[in-house]
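Each chain, written out:
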Amino acid sequence: MLLQPVIGIGTDVRTVFAGPSANALFKAIKFGEVSLLNPMLVHCKKSGKPFYVIIHRVTGSLIIDFEPVMLNETPTAAAGSLQSYKYAGKTIARLQSLPSGSIERLCDMMVQEVFELTGYDLVMAYKFHDDEKSRIPILARRLQTQLQLNE
């Protein structure tokens, strides 16, 4: 016996997701830059199980990815995952808005983004040459670390 998928192209989300979740999905779909809303938390209508939903707009269509929420995941870990996704989405948007042609500018922005996202005291970009030697043209360092290194 072949099992039929529950969700497919053309499925009305109101038949699958609880009222507030379906309403949130409808509102998100109408939003211009839908990726800024990702990920969203929705609940299955029948089982009540939670899912993270990530919506992508691709050539006039919407692609919706569903990821089950791991029930053994702590609320703090889940919140951290959501926050990390939002940070990464903003970083990707900033990188995509960079004018092309400057690898130096790209590296500078990447170092700054990694520096802010991770909270590391030091982030460096290495440039490797054909002779396998490298140099560090771009770095970000927290002031406190600089003071400790100079003591």
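Structural data are supplied above this passage.
In this report, we go over the structure that sits alongside the text. (Residues numbered from 1 in each chain as written. Predicted model: local features only at pLDDT ≥ 70, side-chain atom pairs only at ≥ 80, totals over all residues. Heavy atoms only, no water.)

### Some details on the overall build of the protein chain
Phase 1: Across its full length, the protein chain holds four helices and five strands.
Phase 2: For the protein chain, the α and β elements follow one another from N to C terminus as α-β-β-β-α-α-β-β-α.
Phase 3: Sorting the 151 residues of the protein chain into buried and exposed places 20% on the buried side.
Phase 4: Residue pairs at least 24 apart in sequence account for 30% of intrachain contacts in the protein chain once pairs closer than 6 positions are excluded. (Helix = DSSP H or I, 4+ residues; strand = E, 2+ residues; numbered from the N terminus. Buried < 20%, exposed > 50% of the residue type's maximum accessible area, 1.4 Å probe, protein only. Contact = heavy atoms within 4.5 Å.)

### A look at the sheet that holds strand β1 (residues 40–43)
Phase 1: Pairing is antiparallel in the open sheet, where three strands are placed in the order β1-β2-β3. Edge positions in the sheet fall to β1 and β3 (61–68), since each has one partner strand and no second. Neighbour-to-neighbour, the strand axes of this sheet turn through a mean angle of 40°, independent of strand direction.
Phase 2: Where strand β2 (residues 50–58) and β3 come together, eight bridges link them in antiparallel fashion. Looking across to β3, one finds that Tyr 52 is bridged to Glu 67.
Phase 3: Running over the sheet, helix α1 (residues 19–30) touches β1, β2 and β3 and is turned about 145° from β1. (Pairing = 2+ DSSP bridges. Axes fitted to C-alpha atoms, helices over the stretch in contact; angles between N-to-C directions.)

### What about the pattern of salt bridges?
Phase 1: The full count for this structure, using the stated rule, is one salt bridge.
Phase 2: Arg 94 is paired through a salt bridge with Glu 113; the nearest N and O atoms lie 2.7 Å apart. Taken together, the residues span a long stretch of sequence, with Arg 94 in helix α2 (residues 75–97) and Glu 113 in helix α3 (residues 103–118) at a distance of 19 residues.
Phase 3: By relative accessible area, Arg 94 is classed as partly exposed at 35%.
Phase 4: When its relative accessible area of 9% is taken as the criterion, Glu 113 is described as buried. (Salt bridge = Lys/Arg side-chain N within 4 Å of Asp/Glu carboxyl O.)

### Some thoughts on α3
An α-helical segment advances 3.6 residues per turn. Residues three or four places apart therefore align on the same side.
Phase 1: With 16 residues, α3 extends 22 Å between its outermost C-alpha atoms, agreeing within 8% with the 22 Å of an ideal straight helix rising 1.5 Å per residue.
Phase 2: Three or more residues of α3 are buried, namely Met 109, Val 111, Glu 113 and Phe 115.
Phase 3: Phi for Gly 119, located one or two positions after α3, is positive at around 80°. (Expected span 1.5 Å × (residues − 1).)

### Some words on the nonpolar core
Phase 1: Membership of the largest hydrophobic core is limited to 11 residues, which are Val 13, Val 16, Phe 17, Ala 22, Leu 25, Ala 28, Val 34, Met 40, Val 42, Val 53 and Ile 55.
Phase 2: Residue assignment for this core shows that the elements contributing at least two residues are α1, β1 and β2.
Phase 3: When residues of this core are assigned to their parent elements, the largest contribution, three residues, is made by α1. (Core = buried A, V, L, I, M, F, W, Y, C linked by side-chain atoms within 4.5 Å.)

### Things to note about a nonpolar patch on the surface
Phase 1: Together, Leu 122, Met 124, Tyr 126, Phe 128, Ile 136 and Leu 139 make up a nonpolar patch on the protein surface, roughly 560 Å² of accessible area in all.
Phase 2: Listed by contribution, the elements that provide at least two residues to the nonpolar patch are β4 (122–128) and β5 (134–141).
Phase 3: For the nonpolar patch, the element with the highest residue contribution is β4, accounting for four residues.
Phase 4: Mapping Leu 122 onto the fold places it in strand β4.
Phase 5: Given the relative accessible area of 35%, Leu 122 is considered partly exposed. (Patch = residues over 30% accessible without salt bridge, like charges linked within 9 Å, V, L, I, M, F, W, Y side chains within 5 Å. Areas by Shrake-Rupley, 256 points an atom, 1.4 Å probe, with all protein chains shown as cover.)

### Some words on the packing of aromatic side chains
Phase 1: The full count for this structure, using the stated rule, is two aromatic pairs.
Phase 2: Here the aromatic rings of Phe 17 and Phe 66 are separated by 5.3 Å at their centres, their planes lie at 20°, and the arrangement is stacked. Of this pair, Phe 17 sits in the segment before α1 while Phe 66 sits in strand β3; the two residues are 49 residues apart in sequence, bridging distant segments of the chain.
Phase 3: Judged by its relative accessible area of 3%, Phe 17 falls in the buried class.
Phase 4: Centre to centre, the rings of Tyr 126 and Phe 128 are 6.1 Å apart; their planes meet at 25°, and the pair counts as stacked.
Phase 5: In this structure Phe 128 comes out as exposed when scored by relative accessible area, which is 60%. (Phe/Tyr/Trp six-rings, centres within 6.5 Å; stacked < 30°, edge-to-face > 60°.)

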